[in-house]
Amino acid sequence: MLGGGLLDFVKKQNETIHIGSDFMRAYHVSDDMDISHSTCECKLRTQTGKLLAIAETEIVENTIYVRFDKDTTLTIPRNCLKGKYDVFLTINSYTFKIVMGDVKIVHDISMH
């Protein structure tokens, strides 16, 4: 859960994305914060910063949903085995990075 100190820290969480599979995460924000009129964005980049994919995002009550569908993952180049991702939340005119991490990218279906 991301809580009252939401604006004071970035949650660091490493992930693994399997190419050809959906990837979805949910991040719950403390109920004492109103994010109902906020927006969010999640991007996957190479280690050097090149954009690989933009996730579909949705805010439902106080939960942020981030999803890279299987078709989006299939656009990631086969030579890309590692990346980084960030989740940003925009409240009014302020944007906060709330989650970030390294991503291991698994292309081989037998490794799923």
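Structure: above.
Rules used throughout
For every chain, the first residue of its written sequence is number 1, and the numbers climb from 1 along that sequence. The model is predicted, so local features are restricted to residues of pLDDT at least 70 and side-chain atom pairs to those at 80 or more, both for listing and for counting; the totals for chains, interfaces and linings are taken over all residues. Values shown for side chains rest on all heavy atoms present in the structure; no hydrogens or waters enter the calculation. Comment: elements are numbered from the N terminus, with helices defined as DSSP H or I runs of at least four residues and strands as E runs of at least two. Atoms counted for the radius of gyration: C-alpha only. Globule rule: 2.2 Å times residue count to the power 0.38. Buried means the residue's accessible area, taken with a 1.4 Å probe over protein chains only, is under 20% of the maximum for its type, while exposed means over 50%, and partly exposed covers the values in between. Here, a strand pair is defined by DSSP locating no fewer than two bridges between the strands. To obtain each axis, a line is fitted to C-alpha atoms, and for helices this fit is confined to the stretch in contact; angles are then taken between N-to-C directions over 0 to 180 degrees. When a carboxyl oxygen of Asp or Glu lies within 4 Å of a side-chain nitrogen of Lys or Arg, that pair is called a salt bridge.

Q: Explain the overall build of the protein to me, and be specific about the residues and the numbers.
A: Across its full length, the protein holds 1 helix and 9 strands. When the helices and strands of the protein are listed from N to C terminus, the series reads β-β-β-β-β-β-β-α-β-β. Computed over the C-alpha atoms, the radius of gyration of the protein is 14 Å, within 12% of the 13 Å expected from 2.2 N^0.38 for a compact globule of 112 residues. Expressed along its principal axes, the backbone C-alpha trace of the protein runs to roughly 45 × 25 × 20 Å. Out of the 112 residues belonging to the protein, those deemed buried represent 38%.

Q: Could you give an account of the environment of T75, with specific residues and numbers?
A: Within the secondary structure, T75 is located in the loop between α1 (70-73) and β8 (82-91). Classification of T75 as exposed rests on a relative accessible area of 53%. Sequence spacing of T75 and E61 is 14 residues, and the spatial spacing of their C-alpha atoms is 31 Å.

Q: Quick one: what's the story with the sheet that holds strand β6 (residues 56-60), residue by residue and with numbers?
A: An order of β3-β7-β6 is seen for the 3 strands of this open sheet, with the pairing classed as antiparallel. In this open sheet, the two strands that pair with only one neighbour each are β3 (23-28) and β6. Strand-to-strand, the axes of this sheet are offset by a mean angle of 15 degrees, without reference to chain direction. In terms of strand pairing, β6 meets strand β7 (residues 63-68) through 5 bridges, oriented antiparallel. By the bridge assignment for β7, E56 is matched with R67.

Q: Describe unusual backbone geometry, listing the residues and the values that go with them.
A: At E61, a residue that is not glycine, the phi angle is positive and equals roughly 55 degrees. By secondary structure assignment, the location of E61 is in the loop between β6 and β7. Residue E61 is classed as exposed on the basis of its relative accessible area of 69%.

Q: Could you give an account of the pattern of salt bridges, with specific residues and numbers?
A: Scanning the model with the defined rule gives 6 salt bridges in all. Across the salt bridge formed by R25 and E15, the nearest N and O atoms sit 2.9 Å from each other. Residue R25 is found in strand β3, and its partner E15 is found in strand β2 (residues 15-18); the two are separated by 10 residues along the sequence. In this structure R25 comes out as partly exposed when scored by relative accessible area, which is 29%. Across the pair D102 and K84 runs a salt bridge, and its minimum N-O distance is 2.9 Å. Taken together, the residues span a long stretch of sequence, with D102 in strand β9 (residues 94-106) and K84 in strand β8 at a distance of 18 residues. In the salt-bridge network here, residues are joined through shared partners; they are D22, E56 and R67.

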